[in-house]
Amino acid sequence: MKRISIANPVFNGNEKKYLDECIDTGWVSANGRFINEFEKKFAEFCGTKYAISCSNGTVTLHLLMLALGIRPGDEVIMPDLTYIATANAVRYCGGKPVFIDSRKDTFNMDPAKIEEKINVHTKAIMPVHLYGLPCDMDPILEIAARHGLPVIEDAAEAHGAEYKGRKVGSFGLAGSFSFFGNKIITSGEGGMIVTDDEVFYQRMKLLKGQAVSPEKKYWHIDVGYNYRMTNMQAAVGLGQLENVEWHIGQRKRVADLYKKFLGDYTDYVLMQAEPEDCKHVYWMNNVILQDKVTKNRDQVMQQMEECNIEMRPLFYPMHIMPPYYDTNVECPVAEKLAARGISLPSHALLTEENVRYICECLIRIITGE
Ligand SMILES: *Cc1c(COP(=O)(O)O)cnc(C)c1O
């Protein structure tokens, strides 16, 4: 049997045609019509005024921290359970990421634990819509407003996800997306920032392009960066964005199959909860092994590998890894989720037969039948 991979990009729109146009016309670098169109259409998709493309979803976060003016000694609040780019962006500026525990049902940052971490050094709150599920934004926005703090959404995994009918990325001062090959839609590598704030937008645009003066060529008014996306990336990204509803629809189809096949086994595995006011886009379908499972997570993953199924562990909590190792951080929920969590194959090409097979293998392994 062919190995079932965890992720698989699908290019079934204009991606190739647009890419050919880049090569045929010579517009392969950071100028060209696809960049402008991708930015314009992505802003429309998110319901924001502005969008800025970048070379990947890590530098989008760095650019956001630079534009916020994060400096050594500053603190930024974020979940302990996330991808490391969220924390690194703060560290690149010399700032300190402050980690918040997860809610055990949604895996997302627990709003009830934010306020106790706010102090004079706190400069921003950075929620992450983990695995495609929006955070509970109302309490986060309320706390941020009360303390006069900007909210920056890391929506790298959640293109098109909605909270109370509104798209993620549009709630705070700005939102950040990634187009890495395994994300909801891809441009190979790539990232995008969306915002409604014109001043903030202009600052990021300046820093992204070596801080070159808008009036005078080769005159640089600050220390800038080259964080530009290429027209070739944008060509692929635009082709994907034109079909984004199809991509999201396929992920929902796959998630519904997992729920159907695993729904009777909640004593053994729990999946990410879905609050009614959220539209989940299922970047990854995850299971958390429950007490009834006698094998540990790594044993289960090893046996799934033997069935030719690719899996990943859930993200590790930031505070247990070398760059952010800190025994004073108390995030027991994140630790427990991470120790027992597995991400299952999640992509648009999975058939009902694939998902049935994955679930049958998983059930056999965890129930010991
Ligand atoms: C993927 C991802 C990023 C950015 O990743 P890149 O690979 O640099 O595009 C940032 N934050 C989270 C939570 C992610 O999952």
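These numbers come from a predicted model, not from an experiment. Along each chain, residues carry numbers from 1 onward, in the same order as the chain's sequence is written. Only residues with pLDDT of 70 or above have their local features reported here, since the model is predicted, and side-chain atom pairs are shown and tallied only from 80 upward, although totals for entire chains, interfaces and linings are computed over all residues. Where side-chain values are given, they derive from all heavy atoms of the structure, hydrogens and water being excluded.

Caption draft 1: Representation of the layout of surface pockets within the structure. A pocket, in this scheme, is an open set of points on a 1 Å grid over the protein atoms alone with protein on both sides within 12 Å along at least 5 of 7 lines, while a cavity is a set where a 1.4 Å probe fits but cannot get out; residues line either one if an atom lies within 4 Å of a point. Grid points are joined across faces, edges and corners, and a volume is the space filled by probe spheres set on the points. Of the pockets and cavities examined, the largest pocket occupies roughly 580 Å³. Along its surface, the largest pocket is lined by 20 residues, and Ala-30, Asn-31, Lys-205, Lys-208 and Arg-228 are the ones closest to its centre. Runs of E in the DSSP output that reach at least two residues are strands. Runs of H or I that reach at least four are helices, and both are numbered from the N terminus. Mapped onto the lining of the largest pocket, the elements with two or more residues apiece are helix H2 (33–46), strand E1 (50–54) and helix H6 (198–208). For the lining of the largest pocket, the class distribution of residues is nine nonpolar, seven polar and four charged. The space that makes up the second largest pocket amounts to roughly 410 Å³. Lining the second largest pocket are 26 residues, and of these Tyr-83, Ile-84, Ala-85, Lys-183 and Phe-315 sit closest to its centre. Only helix H3 (57–68), helix H4 (84–92) and strand E13 (312–313) provide two or more residues apiece to the lining of the second largest pocket. We call Asp, Glu, Lys and Arg charged. Ala, Val, Leu, Ile, Met, Phe, Trp, Tyr, Cys and Pro are nonpolar, and the rest, Gly among them, are polar.

Caption draft 2: Just helix H5 (residues 137–147), in detail. Exposure classes here rest on a 1.4 Å probe applied to the protein chains alone. A residue is buried below 20% of its type maximum, exposed above 50%, and partly exposed in between. Residues of H5 that are buried: Met-137, Ile-140, Ile-143 and Ala-144. Taken end-on, H5 shows its buried residues confined to a sector of 135°, consistent with a single buried face. Here a residue-residue contact requires only that any non-hydrogen atoms of the pair lie within 4.5 Å. Buried positions along H5 lie against strand E4 (122–125), strand E5 (152–154) and strand E6 (162–163). Just beyond H5, the residue with positive phi is Gly-148, at close to 65°. Within this analysis, the arc is defined by the directions that extend from the helix axis to the C-beta atoms.

Caption draft 3: View of the sheet that holds E13. Here, a strand pair is defined by DSSP locating no fewer than two bridges between the strands. With antiparallel pairing, four strands are arranged side by side in an open sheet as E10-E12-E14-E13. On the outer flanks of this sheet lie strand E10 (269–270) and E13, each paired with one strand and no other. The pairing of strand E12 (residues 285–289) with strand E14 (residues 341–344) spans four bridges and is classified as antiparallel. If you follow Asn-285 over to E14, its bridge partner there is Leu-344. Set on the sheet, helix H8 (residues 244–262) makes contact with E12 and E14; between it and E12 the angle comes to about 25°. For helices, the fitted line uses only the C-alpha atoms of the stretch in contact; every axis is such a line through C-alpha atoms, and the angle between N-to-C directions lies from 0 to 180 degrees.

Caption draft 4: Layout of the site of the ligand. Proximity is defined per residue: any heavy atom of the residue falling within 4 Å of a molecule or strand makes that residue near it. Among the 16 residues in the neighbourhood of the ligand, the closest are listed as Thr-58, Asp-154, Glu-157, Ser-178 and Lys-183. Between an oxygen atom of the ligand and a side-chain N or O atom of Thr-58, the distance comes to 2.5 Å. We call two N or O atoms a polar contact when they sit within 3.5 Å, provided that within protein one can donate a hydrogen and the other can accept it, with sequence-adjacent residues counted only if both atoms are side-chain atoms. Note that an oxygen atom of the ligand is positioned 3.1 Å from one of the side-chain N or O atoms of Lys-183. Only the protein chains shown count as cover for residues, and all accessible areas are computed by the Shrake-Rupley method using a 1.4 Å probe. Here the ligand loses 93% of its free accessible area of 380 Å² to cover by the protein chains. Being in a pocket or cavity means that more than half of the molecule's atoms lie within 2 Å of its grid points. With respect to the pocket detection grid, the ligand is positioned in the second largest pocket. Those elements that provide at least two residues to the shell around the ligand are H3 and H4. With three residues, the single largest contributor to the shell around the ligand is H3. When its residues are assigned to classes, the shell around the ligand shows six nonpolar, seven polar and three charged.

Caption draft 5: Spatial organisation of the domain arrangement of the protein chain. The domain boundaries assigned to the protein chain delineate domain 1 (15–241) and domain 2 (244–367). Every contact between the two is made by 39 residues of domain 1 and, on the other side, 38 residues of domain 2. Taken over both partners, the interface formed by domain 1 and domain 2 buries close to 3,400 Å², and the fraction arising from carbon and sulfur atoms is 65%. Buried area adds together the accessible area that both of two parts lose upon being put together, with accessible area traced by a 1.4 Å probe. Area buried by domain 1 at its contact with domain 2 is led by Phe-107, Tyr-131 and Ile-184, which between them contribute 23% of it. When a carboxyl oxygen of Asp or Glu is within 4 Å of a side-chain nitrogen of Lys or Arg, the pair counts as a salt bridge. Along the contact surface separating domain 1 from domain 2 lie zero salt bridges. The interface formed by domain 1 and domain 2 holds 19 residue pairs in polar contact (both at pLDDT 80 or more) in total. At the level of elements, H4, strand E3 (96–100), E6 and helix H7 (231–242) are the ones that each hand at least two residues to the side of domain 1 that touches domain 2. At four residues, the largest contribution of residues to the side of domain 1 that touches domain 2 is made by H4. Segmentation of the chain into domains, including their bounds, is taken from an automatic or database domain assignment.

Caption draft 6: Layout of empty space enclosed by the protein. Throughout the structure, instances matching the rule amount to one cavity of 30 Å³ or more. Its boundaries defined by the atoms lining it, the largest cavity holds a volume of some 90 Å³. Residue lining of the largest cavity: 14 residues in total, with Asn-8, Pro-9, Lys-183, Ile-184 and Arg-251 positioned closest to the centre. Counting contributing residues per domain, the lining of the largest cavity is built from domain 1 (15–241) and domain 2 (244–367), each supplying no fewer than three.

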